[in-house]
Amino acid sequence: MNISDIIRSFLHLFFPHTCAGCGNDALHQQQLLCLTCISELPLTNFHLYAENPVHHLFRGRLPLVNATSFAYFTKDSLLQHLLHEFKYKNRKDIGTWLAHRLGEALQESQHFNKPDALIPVPLFSARERQRGYNQSHLLCEGLAEKWQLPVLPNVVVRTSRTQSQTRKNRIERWQNMEGKFELRSHTLIEGKHILLVDDVLTTGATLEACGRALLQAPQVTLSVATIGFVTR
């Protein structure tokens with residue numbers, strides 16, 4: 001064993017690199033998830049189909065070019081754990097990893113048209129300052145690394161703080177979000193195909209309200225993509 005191996009072994013002993021999913025330490029320093037956790041991610045493969053459950057969810061509510069979610073989101077699942085760590089515990093590396101996987105999937109799809117720019121669903125400014133970052137913006141940055149596309153975070157803003165959506169039904173979620181987004185820079189997106197990005201899709205109320213604001217810009221076309229798709 002050479003000196004480099006000894007140093008790596010010493011560092012691993014006191015500063016172990018563990019799987020972000022299960023805590024297993026038998027993985028390479030550059031890996032985020034072990035192979036077991038990667039294999040357990042319940043991928044939707046919605047990007048392979050022009051008509052899929054995400055597109056169907058918005059039918060009659062929001063005109064979309066494409067729509068997809070990366071994986072199914074269920075209570076107490078691996079994906080819920082990963083997104084909770086990303087969203088609330090500053091594990092930005094998890095968000096980047098998930099965004100890269102989503103970006104790779106979309107690049108391989110024959111049904112998902114490449115957009116001109118990426119827009120994150122905005123947080124209310126006070127909440128973003130409190131959390132320190134907007135998780136949707138970080139997802140956009142991860143996608144941008146794969147697609148070499150601009151991220152436009154200030155085109156649309158959230159104008160007021162909203163109540164948690166967790167315990168609300170579909171109608172209450174829409175009422176909670178209606179009118180909470182405002183288009184600020186329509187010239188930046190005029191005539192462009194925009195991909196609106198968020199972390200989790202439940203009823204679609206947030207994406208619908210934000211998407212309606214974006215569609216106020218002339219000749220804009222819209223697609224949506226999320227990491228998680230909530231199943232009930």
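Everything here concerns the structure above.
Residues numbered from 1 in each chain as written. Predicted model: local features only at pLDDT ≥ 70, side-chain atom pairs only at ≥ 80, totals over all residues. Heavy atoms only, no water.

Q: Could you give an account of the overall build of the protein chain, naming the residues involved and the relevant values?
A: Regarding its fold elements, the protein chain presents nine helices and six strands. Out of the 232 residues belonging to the protein chain, those deemed buried represent 47%. Considering only intrachain contacts with a sequence separation of at least 6, the fraction spanning at least 24 residues in the protein chain is 74%. For the protein chain, the computed accessible surface area is about 12,200 Å², with 50% contributed by carbon and sulfur atoms. (Helix = DSSP H or I, 4+ residues; strand = E, 2+ residues; numbered from the N terminus. Buried < 20%, exposed > 50% of the residue type's maximum accessible area, 1.4 Å probe, protein only. Contact = heavy atoms within 4.5 Å. Areas by Shrake-Rupley, 256 points an atom, 1.4 Å probe, with all protein chains shown as cover.)

Q: Let's hear about the side chain of Arg158: which residues, and what values?
A: Considering the arrangement of structural elements, one finds Arg158 in strand E3 (residues 156-158). Here Arg158 occupies a buried position and makes no salt bridge, while the nearest side chain of opposite charge, Asp198, is found at 6.1 Å. A distance of 2.9 Å separates the side chain of Arg158 from the backbone oxygen of Pro122, its partner in a polar contact. (Lys, Arg positive; Asp, Glu negative; His and termini not counted. Salt bridge = Lys/Arg side-chain N within 4 Å of Asp/Glu carboxyl O. Polar contact = N/O pair within 3.5 Å; in protein donor to acceptor, adjacent residues only side chain to side chain.)

Q: Lay out the nonpolar core in plain terms, naming residues and giving numbers.
A: The nonpolar side chains of a soluble globular protein tend to be buried with one another. By size, the foremost hydrophobic cluster in this structure holds 36 residues, and its most contacted members are Leu33, Leu79, Leu98, Leu118, Leu195 and Ile227. Taken together, the elements giving at least two residues each to this core come down to strand E1 (67-73), helix H4 (78-88), helix H5 (92-108), helix H7 (135-147), strand E5 (193-201) and strand E6 (221-230). Dropping the residues within four chain positions of it, Leu118 is found in contact with Cys140, Leu143, Ala144, Trp147, Leu149, Pro150, Val151, Leu152 and Leu195. Among the nonpolar cores identified, the runner-up in size contains 28 residues, and Ala117, Leu152, Leu207 and Cys210 belong to it. (Core = buried A, V, L, I, M, F, W, Y, C linked by side-chain atoms within 4.5 Å.)

Q: Just give me the short version of H5, but keep the residues and values in it.
A: For H5, with 17 residues, the first-to-last C-alpha span of 25 Å sits near the 24 Å given by 1.5 Å per residue. Listed in full, the buried residues belonging to H5 are Ile94, Gly95, Trp97, Leu98, Ala99, His100, Leu102, Gly103, Ala105 and Leu106. Looking at the buried side of H5, the elements it contacts are helix H2 (35-40), E1, H4, H7 and E6. (Expected span 1.5 Å × (residues − 1).)

Q: How would you summarise the sheet that holds E1 if you had to cite specific residues and measurements?
A: In spatial order, the strands read E1-E6-E5-E2; together these four strands make up an open sheet with parallel pairing. In the strand order of this sheet, the two ends are held by E1 and strand E2 (117-120), each with one partner. Strand-to-strand twist in this sheet, taken as the mean axis angle between neighbours without regard to direction, amounts to 20 degrees. With four bridges joining them, E2 and E5 adopt parallel strand pairing. Paired with Ala117 across the two strands is Ile194, which belongs to E5. (Pairing = 2+ DSSP bridges. Axes fitted to C-alpha atoms, helices over the stretch in contact; angles between N-to-C directions.)

Q: An account of H4 is needed here, citing residue identities and associated values.
A: Every α-helix carries 3.6 residues per turn, so stepping three or four residues along brings you back to the same face. Along H4, the residues that are buried comprise Leu78, Leu79, Leu82, Leu83, Glu85, Phe86 and Lys87. Looking one or two places after H4, you find Asn90, whose phi comes out positive at around 65 degrees.

Q: Please give an account of the packing of H5 against H7 that cites residues and values.
A: At their nearest, the axes of H5 and H7 sit 8 Å apart, and the two run at 45 degrees to each other. With respect to each other, H5 and H7 are oriented oblique. In terms of crossing hand, the pair formed by H5 and H7 is right-handed. Residues Lys92, Gly95, Thr96, Ala99, His100, Leu102, Gly103, Glu104, Leu106 and Gln107 of H5 form the contact with H7, whose own contacting residues are Leu138, Leu139, Gly142, Leu143, Glu145, Lys146 and Trp147. (Parallel < 35°, antiparallel > 145°, perpendicular 65-115°, else oblique. Left-handed = near helix turned anticlockwise from the far one by under 90°.)

Q: So what's going on with the pattern of salt bridges? Which residues, and what values?
A: Applying the stated criterion across every chain yields a total of nine salt bridges. The closest approach of N and O atoms between Glu51 and Arg59, which form a salt bridge, is 2.3 Å. In this structure Glu51 comes out as exposed when scored by relative accessible area, which is 54%. Between Glu85 and Lys89 there is a salt bridge whose closest N-O contact spans 3.6 Å.

Q: Describe in detail the pairing of E5, supporting the description with residues and values.
A: Taking burial as the measure, the nine residues of E5 include eight buried ones, the bulk of the element. Both E5 and E6 contribute to a ladder of eight bridges, which runs parallel. Looking at the pairing, Leu195 lines up with Ser223 of E6. Note that the unit made of E5, helix H9 (residues 205-214) and E6 has a crossover that is right-handed. (Right-handed = clockwise from strand over helix to strand, strands pointing away.)

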